[in-house]
Amino acid sequence: MASISLPKHSLPSVLPTHKPRTSSSHKHPILSKSSQSQFYGLKLSHSTSLSIPSSSSSVKTAIFAKVNKGQVPPSFTLKDQDGKTLSLAKFKGKPVIVYFYPADETPGCTKQACAFRDSYEKFKKAGAEVVGISGDDPSSHKAFAKKYRLPFTLLSDEGNKIRKEWGVPADLFGTLPGRQTYVLDKKGVVQLIYNNQFQPEKHVDETLKLLQSL
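What counts, and at which threshold
Residues numbered from 1 in each chain as written. Predicted model: local features only at pLDDT ≥ 70, side-chain atom pairs only at ≥ 80, totals over all residues. Heavy atoms only, no water. Buried < 20%, exposed > 50% of the residue type's maximum accessible area, 1.4 Å probe, protein only. Helix = DSSP H or I, 4+ residues; strand = E, 2+ residues; numbered from the N terminus. Pairing = 2+ DSSP bridges. Phe/Tyr/Trp six-rings, centres within 6.5 Å; stacked < 30°, edge-to-face > 60°.

Visitor: I would appreciate a short explanation of the pairing of strand E3 (residues 96-100) in the present structure.
Guide: Every other side chain in a regular strand lies on the same face of the sheet, so the side chains alternate between the two faces. Here E3 lies mainly inside the structure; five of its five residues are buried. Here five bridges tie E3 to strand E6 (residues 180-184), and the two strands are oriented antiparallel to one another. Within E6, the position partnered with Ile-97 by the bridge is Val-183.

Listed below in structure tokens is the structure:
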């Protein structure tokens, strides 16, 4: 009977191999610790494993709506890093940058937050406010803001309700919360939507360019 052999490198390198391990608490993680620098929104550790959703239905249900340029996005009321409630309506009358990011203390999210911090005076000069939103709780936001001296508001979207209402797309087969920035003008209308998971600092450059034209 004829046998069929496959090329050794026919499968993507990110898939787990089936070589036996002498000792391991892992069960074939798709991403190793060495991949952390590539996936800026993931908190990876030795015990972390990541699996791809078995069906496309879990990805499809992750987005309930989509905010487009020229629209007024759904309002929200969330808790900030001090546990105080804050509504989007508070910023009416001035430009506001609302940026959704995966999680506190991850490499890319830290770079992005520090980039907004370093350019914060430019945003203030333009009369704009900066608001970061993730699924972390207020205490996590408070520690994150204190550690990196962040001068702007961080809001807790626990359960990712607002992320879904705004239609922020996920990355990495739906397992990684998306990194998306919105610029709203003084009337609360979206003038820019920028998505870039792996170049977090670019969000600052793009929003400043847009603000100069408002």
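Visitor: How should I be thinking about the packing of aromatic side chains in this particular structure?
Guide: Geometry of an aromatic ring pair is reported as the spacing of the ring centres plus the angle between the planes. Summed over all chains, the structure comprises twelve aromatic pairs. With a centroid separation of 5.6 Å and an interplanar angle of 40°, the aromatic rings of Phe-116 and Phe-123 are classed as tilted. By relative accessible area, which is 0% here, Phe-123 ends up buried. Between the aromatic rings of Tyr-120 and Phe-152, the centroid separation amounts to 6.3 Å while the plane-to-plane angle is 40°, which identifies the pairing as tilted. Remark: Phe-152 occurs in the loop between helix H4 (138-147) and strand E5 (153-156) and Tyr-120 occurs in helix H3 (residues 120-125); sequence separation between them is 32 residues. Given a relative accessible area of 3%, Phe-152 falls into the buried group.

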